[in-house]
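Fold and geometry: a report
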Amino acid sequence: MYASFKNGKLPKIAFGTWSWGAGDKNSGKTVFGNDYTSADALKPVFDLAYEQGYTLWDTAYVYDFGGAEDLLRQCADGRDYFLSDKFTPLPGQTDGEVRRILEGSLKRLNRDCMDLYWIHTPADVERWTKELIPLLKEGLIRHVGVSNHSLYDIEYAQSVLQAAGYCISAVQNHCSLIYRNSIKSGVVDWCRRNGAVFMPYMILEQGALTGRFTSENPFPAESRRGRCFPPETLDALQPLVADMTALGKKHGGADASQIAMAWAISKGMLPIIGATKKNHIQKAIDASTIVLSDEEMMDLEIAADRTGISVRASWEKEM
């Protein structure tokens, strides 16, 4: 049903599950202030995307430590879809950890193999990248991705894979109008040259670029995004959001979030959009039809730079 990454037959947008689950660590509750623990609420979201052919879903064991994977399995309800999942290097892990985490994820998701499996951070690149090779040979993984890797890390991981006859199919880094480090450092150009798909996350900066949140309607203060984007930072972003909204009016009445997505797609990226409601799916699908000109994209980037806001997460390194 699914074409490989190499022949380019992929949806323009992937949907993500980072905001699913409500455990005490790295869940939708702790990161976003959400409370999505029931597949009954999330299944209509998956259904709408599936019906319209948007069937690339991104998750990770570390998202609520299995909770998001459990919910995704329940939402899929036995249907086939393109599955993107991750191994996250953590302190104290021993040899063979990639296989153990992968096998646990496959069991939770009721899958025989991963369509795309990522090394989530560049901790000890050689060690963890090498552990992917036997899993590729056994068919437990179809494609390899690297996430939160700098250009140096990407090239290092690529050299490890190529020595065994494999290559990186995708790179997933934080990238948005206000955080364009993967563009400036050459990571995106590397992907173009090497036939890898660049899949940015936090395109909407966890909602800060949607226009919905301001100092009068801030993020939950106890959430991670509330700490990253306090009221004064949200207010500093409002001139950029206003420019995005004005541009959206020229493109069929699109809102700021859709312009942020359209910017990424027009840059040749395949953005991952967190989805917890049906309107998130429909907005993203509609945004995938918007084509921005080079001049419009340049104006947006200039407006973004004027805000002086650039938020790098604690786990990210310089690109």
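Report follows, based on the coordinates.

Rules and cut-offs
Residues numbered from 1 in each chain as written. Predicted model: local features only at pLDDT ≥ 70, side-chain atom pairs only at ≥ 80, totals over all residues. Heavy atoms only, no water. Helix = DSSP H or I, 4+ residues; strand = E, 2+ residues; numbered from the N terminus. Expected span 1.5 Å × (residues − 1). Buried < 20%, exposed > 50% of the residue type's maximum accessible area, 1.4 Å probe, protein only. Arc of directions from axis to C-beta. Contact = heavy atoms within 4.5 Å. Pairing = 2+ DSSP bridges. Right-handed = clockwise from strand over helix to strand, strands pointing away. Axes fitted to C-alpha atoms, helices over the stretch in contact; angles between N-to-C directions. Parallel < 35°, antiparallel > 145°, perpendicular 65-115°, else oblique. Left-handed = near helix turned anticlockwise from the far one by under 90°. Nonpolar A, V, L, I, M, F, W, Y, C, P; charged D, E, K, R; others polar. Polar contact = N/O pair within 3.5 Å; in protein donor to acceptor, adjacent residues only side chain to side chain. 1 Å grid on protein atoms, 1.4 Å probe; cavity = no way out; pocket = protein on both sides within 12 Å on 5 of 7 lines; lining within 4 Å. Points joined across faces, edges and corners; volume = space filled by probe spheres on them.

Structural notes on helix α12 (residues 238-250)
- Its 13 residues give α12 an end-to-end C-alpha distance of 19 Å, which sits within 8% of 18 Å, the value for a rise of 1.5 Å per residue.
- Inspection of α12 places L240, V241, M244, L247 and G248 among the buried residues, and these make up the whole buried set. With its buried residues spanning 125° around the axis, α12 presents them on a single face. Those residues of α12 that are exposed and angled more than 90 degrees off the buried face are P239, K249 and K250.
- Its buried side turned inward, α12 meets α13 (256-266) and α15 (294-307).
- Positive phi shows up at G252, right after α12, with a value of about 75°.

Looking at the pairing of strand β4 (residues 114-119)
- β4 sits mainly inside the fold: six of its six residues count as buried.
- Of the pairings in the sheet, the one linking strand β3 (residues 82-87) to β4 comprises four bridges and is parallel in character. Residue pairing for β4: S84 is matched across the bridge by L116.
- Read from β3 through helix α4 (residues 97-109) to β4, the crossover connection turns out right-handed.
- Two strands pair when backbone bridges link them, and β4 and strand β5 (residues 141-147) are joined in this way by five bridges, in the parallel orientation.

A closer look at the environment of A68
- Within the secondary structure layout, A68 lies in helix α3 (residues 67-76).
- Spatially, the C-alpha atom of A68 lies 9.4 Å from that of Y36, the residues being 32 residues apart in sequence.
- With near-sequence residues (within four places) excluded, A68 lies in contact with T17, W20, T59 and Y63.

Considerations on the sheet that holds β5
- Strand order in the open sheet formed by eight strands is β7-β6-β5-β4-β3-β2-β1-β8, with parallel pairing between adjacent strands. Each having just a single partner strand, β7 (197-198) and β8 (272-274) make up the two edges of the open sheet.
- Note that strand β1 (residues 14-16) and β8 share three bridges and pair parallel. Across the sheet, residue F15 finds its bridge partner in β8, namely I273.

With respect to the packing of helix α2 (residues 39-51) against α3
- Contact pair α2 / α3: the axes reach a minimum separation of 8 Å and the direction vectors enclose 60°. With respect to α3, the axis of α2 lies oblique. Crossing of α2 over α3 shows right-handed handedness. Contacts from A39, L42, K43, F46 and D47 in α2 reach L71, L72, Q74, C75 and A76 in α3.
- Residue composition of the contact of α2 with α3, grouped by class: seven nonpolar, one polar and two charged.

Overview of the side chain of S182
- Mapped onto the elements, S182 comes out in helix α8 (residues 181-184).
- A distance of 3.1 Å separates the side chain of S182 from the side chain of N173, its partner in a polar contact.
- The residues contacting S182, other than those within four sequence positions of it, are N173, H174, V187, V188, F198 and M319.

Considerations on the layout of surface pockets
- For the second largest pocket, the calculated volume is near 180 Å³.
- For the lining of the second largest pocket, the secondary-structure elements that each account for two or more residues are α12 and α15.
- At five residues, α15 tops the list of elements feeding residues into the lining of the second largest pocket.

Topic: the packing of helix α7 (residues 151-162) against helix α9 (residues 187-194)
- The N-to-C vectors of α7 and α9 enclose an angle of 30°; their axes lie 9 Å apart at closest approach. Regarding the angle of α7 to α9, the classification is roughly parallel. In the packing of α7 onto α9, the handedness of the crossing is right-handed. In this structure, α7 uses L151, I154, E155 and Q158 to contact α9, whose residues at the interface are V187, W190 and N194.
- Split into classes, the residues belonging to the contact of α7 with α9 amount to four nonpolar, two polar and one charged.

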